[in-house]
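Tertiary structure, described
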Amino acid sequence: MAASPRLIVHPPLASTPAALQRWFPNEPLRPLVRSATVPGPRSKQLLDEFSKTQDVRSCSFVSDSLGSHGNYIKDADGNMLLDLFCQVSSLPLGYNNPVLLKAASDPRCIDAIANRPALGLFPTMNWIDDIKAMVQSAAPKGLDHCFTSMCGSCANENAIKTAFMWYRNRQRTGSGVVDFTEEDLTSCLQNSAPGSPDIGVLSFRNGFHGRLMGTLSMTRTKPIHKLDIPAFKWPQADFPKLRYPLEEHVRENAAEERRCLAQVEDLIARGQKRKESGGDAVEIAAVIVEPIQGEGGDNHATPRFFQGLRDITKRYGVAMVVDEVQTGVGASGKFWAHEHWNLSEAPDFVTFSKKMQASGFYFSKEMRPSQPFRNFGTWMGDYVRLMQAKHIIEEIRSNDLLDLVEDTGNYIMENLTEIAATGRGAALKDIRGVGSFIAFDLPNQQARDALVTKMRNYGVNVGGCGERAIRLRPMLVLAQQHADIFLDTIEAALD
């Protein structure tokens, strides 16, 4: 059995929220680790069997979802781990939340499972109502349309396709052309211009947007994601590398953000000049950016940077796509992380997945493709997951979970900062976060991986990102008692 961390008492934040008491009255009080290590012998045995039919080299352990509860994930060895990684930031309301279990038995949900509709051709009456509710209850300000898809990569891929269509349609109408030419129609089938135009998307270093052909060309994290895959020759700009603590590096960070914005503007301007005079720069139709670069190392920028980015995209007539696949649906303490920016005008597209369970993007009517079937799929996403999303949004709003996220996140940040100031916590660097979307760096990858393993063996599941960061991606139902366990455990693991 793994050693248990000692209990350290932190100043009280608040009592257990009523929603948690109602949903998870029997949630474990503390982690329970039965095996000497995690993964334990049963997980290892199952993974060995599984390896005969699938590559398991990325797997951490085998979970028991039916036995998991609230903020705790159970594994095949009977270990109960406090889960601060929540299925890679994708589980919002806790394991086996009774609201979602009840929703799964709704006759409409059963109907969607048994009779999965081709929603692009034959939308059901319920689907029409549910999409309307998704727009009314969750759409970012200024966006009144919603396109649904299968996953986060699909959401980003279809958003940039829509951006390309909008960009080219505007060029046509600006030239007095109202429809496709014969040359457009024939050349696109040859993957040639003008039907397949030589335009692109500007993304950022260390950004992650998915693993499909288009999104992989915008992804700039780990080489292993991209090796051997043909890619579009689209440009990338530097994402700001902020120095911490922020309050001690205001001038340097402002200069760094100005440098990155100047690079963005230069890349777009050179692409537009190439349209007029030739050259090898790429004509940019859209810029895609994450509010926080999660996979790339939890890299942040200030609202000033994103405000400047929005101003540049408007000035040059290119679309702004905000990838909220990982940051959206409450993790930042606001429903959408870009709400922290106070933009002069809404982004053109906001993509979502993970905690929403459903996937897709919000946009405005102006961005709607000029003709049907240009953005289309048989299922148009997963109807069952959209039903889940509707309940998730309702529960977040009605139980004030965004306030809980902000309070618990601030509590973790304050206490982590105190731990880092001690001798044993000196290895923790650049503590950063907003809401419960929190990360910190270790001296190197080996130290990071060792701490992730030790935390898991002590009963707390966290994740790595970037070269040497540990990221916290808890559920929206994480409260002080859970935060205290994490803080106690990391102090013990650092001994």
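Just above, that's the structure.
Residues numbered from 1 in each chain as written. Predicted model: local features only at pLDDT ≥ 70, side-chain atom pairs only at ≥ 80, totals over all residues. Heavy atoms only, no water.

Quick notes on the sheet that holds strand S11 (residues 429-434)
Taken in spatial order, the four strands of this open sheet run S11-S12-S15-S14, and their pairing is antiparallel. In the strand order of this sheet, the two ends are held by S11 and strand S14 (463-465), each with one partner. With direction set aside, neighbouring strand axes in the sheet form an average angle of 25°. Looking at chain direction, S14 and strand S15 (residues 469-472) are connected through three bridges and run antiparallel. Each bridged residue has a counterpart across the sheet, and for Cys465 the counterpart in S15 is Ala469. (Pairing = 2+ DSSP bridges. Helix = DSSP H or I, 4+ residues; strand = E, 2+ residues; numbered from the N terminus. Axes fitted to C-alpha atoms, helices over the stretch in contact; angles between N-to-C directions.)

Here's the deal with the pattern of salt bridges
For the coordinates displayed, the defined rule picks out 23 salt bridges. Note that Arg270 is salt-bridged to Asp266, the shortest N-O span being 3.0 Å. A residue pair is termed a helical-turn pair when its members lie 3 or 4 positions apart in one helix, as Arg270 and Asp266 do in helix H11 (residues 250-277) at four residues. In this structure, Arg424 and Glu491 form a salt bridge, with 3.3 Å as the shortest nitrogen-oxygen distance. Here Glu491 lies in helix H16 (residues 480-494) and Arg424 lies in the loop between helix H14 (401-420) and S11, a separation of 67 residues in the sequence. Of the residues examined, Arg424 reaches a relative accessible area of 35% and is grouped as partly exposed. The class for Glu491 is buried, based on a relative accessible area of 8%. Residues participating in the shared-partner salt-bridge network are Arg205, Asp238, Glu256 and Arg259. (Salt bridge = Lys/Arg side-chain N within 4 Å of Asp/Glu carboxyl O. Buried < 20%, exposed > 50% of the residue type's maximum accessible area, 1.4 Å probe, protein only.)

So, the layout of surface pockets
Each pocket or cavity is described by its volume, and for the largest pocket that value is around 910 Å³. Ser58, Ser60, Phe85, Arg456 and Gly464 are, among the 29 residues lining the largest pocket, the residues nearest its centre. Mapped by element, the contributors of at least two residues to the lining of the largest pocket are helix H3 (86-89), helix H15 (445-457) and S14. Its residues placed into classes, the lining of the largest pocket shows 10 nonpolar, 10 polar and nine charged. (1 Å grid on protein atoms, 1.4 Å probe; cavity = no way out; pocket = protein on both sides within 12 Å on 5 of 7 lines; lining within 4 Å. Points joined across faces, edges and corners; volume = space filled by probe spheres on them. Nonpolar A, V, L, I, M, F, W, Y, C, P; charged D, E, K, R; others polar.)

Some words on a negative patch on the surface
Among the surface-exposed residues, Asp400, Asp403, Glu406 and Asp407 lie close enough to one another that they form a single negatively charged patch. Position of Asp403 relative to the elements: it lies in helix H14. (Patch = residues over 30% accessible without salt bridge, like charges linked within 9 Å, V, L, I, M, F, W, Y side chains within 5 Å. Areas by Shrake-Rupley, 256 points an atom, 1.4 Å probe, with all protein chains shown as cover. Lys, Arg positive; Asp, Glu negative; His and termini not counted. Charge placed at Lys NZ, Arg CZ, Asp CG, Glu CD.)

Quick notes on the sheet that holds strand S1 (residues 63-69)
Strand order in this open sheet of four strands is S1-S2-S3-S13, and the pairing throughout is mixed. Strands at the two margins of the open sheet, each flanked by one partner only, are S1 and strand S13 (460-461). Taken together, the two bridges between strand S3 (residues 80-83) and S13 define a ladder with parallel strand orientation. When the sheet's bridge partners are listed, Asp83 is paired in S13 with Asn461.

Quick notes on the environment of Glu324
With respect to the element layout, Glu324 can be found in the loop between strand S8 (319-323) and strand S9 (349-352). For the pair Glu324 and Gly279, spaced 45 residues apart in sequence, the C-alpha separation works out to 34 Å. When near neighbours in sequence (up to four residues on either side) are disregarded, Glu324 contacts Pro291, Trp336, Ala337, His338, Val350, Thr351 and Phe352. (Contact = heavy atoms within 4.5 Å.)

What about the packing of aromatic side chains?
Here the structure, examined in full by the defined rule, presents 20 aromatic pairs. Arranged with centres 5.8 Å apart and planes meeting at 65°, the rings of Phe164 and Trp234 form a pair that is edge-to-face. Taken together, the positions of Phe164 in helix H7 (residues 152-174) and Trp234 in the loop between helix H10 (223-226) and strand S6 (236-237) put the pair 70 residues apart, joining distant regions of the chain. On the accessibility criterion, Trp234 (10% relative accessible area) is buried. Here the aromatic residues Phe204, Phe239, Phe305, Phe306 and Trp341 are joined through ring pairs into a cluster of three or more. Its end group placed over the ring of Trp379, Arg116 keeps NZ or CZ at 3.5 Å from the ring centre. (Phe/Tyr/Trp six-rings, centres within 6.5 Å; stacked < 30°, edge-to-face > 60°. Lys NZ or Arg CZ within 6 Å of the ring centre and 35° of its normal.)

Quick word on a nonpolar patch on the surface
Together, Leu121, Phe122, Phe373 and Phe376 give the surface a local cluster of nonpolar side chains, amounting to about 460 Å² of exposed area. For Phe373, the location among the structural elements is in the loop between strand S10 (359-363) and helix H13 (383-398). Phe373 gets classed as exposed once you look at its relative accessible area, which sits at 59%.

Quick notes on the nonpolar core
Membership of the largest hydrophobic core comes to 94 residues, with the highest contact counts inside it found for Met356 and Tyr362. The element contributing the most residues to this core is H13, with eight residues. Not counting residues up to four positions away in its chain, the partners in contact with Met356 are Met134, Ala138, Val329, Phe335, Trp336, Tyr362, Arg385, Ala389, Ile392 and Ile393. Core analysis: the next-biggest nonpolar cluster, separate from the first, contains 31 residues, Tyr72, Ile412, Leu416 and Ile470 among them. (Core = buried A, V, L, I, M, F, W, Y, C linked by side-chain atoms within 4.5 Å.)

Re the environment of Ala331
Secondary-structure assignment places Ala331 in the loop between S8 and S9. With 21 residues separating them in the primary sequence, Ala331 and Phe352 have C-alpha atoms 12 Å apart. Setting aside residues no more than four positions away along its own chain, Ala331 makes contact with Lys355, Val405, Val434, Gly435, Ser436, Phe437 and Leu476.

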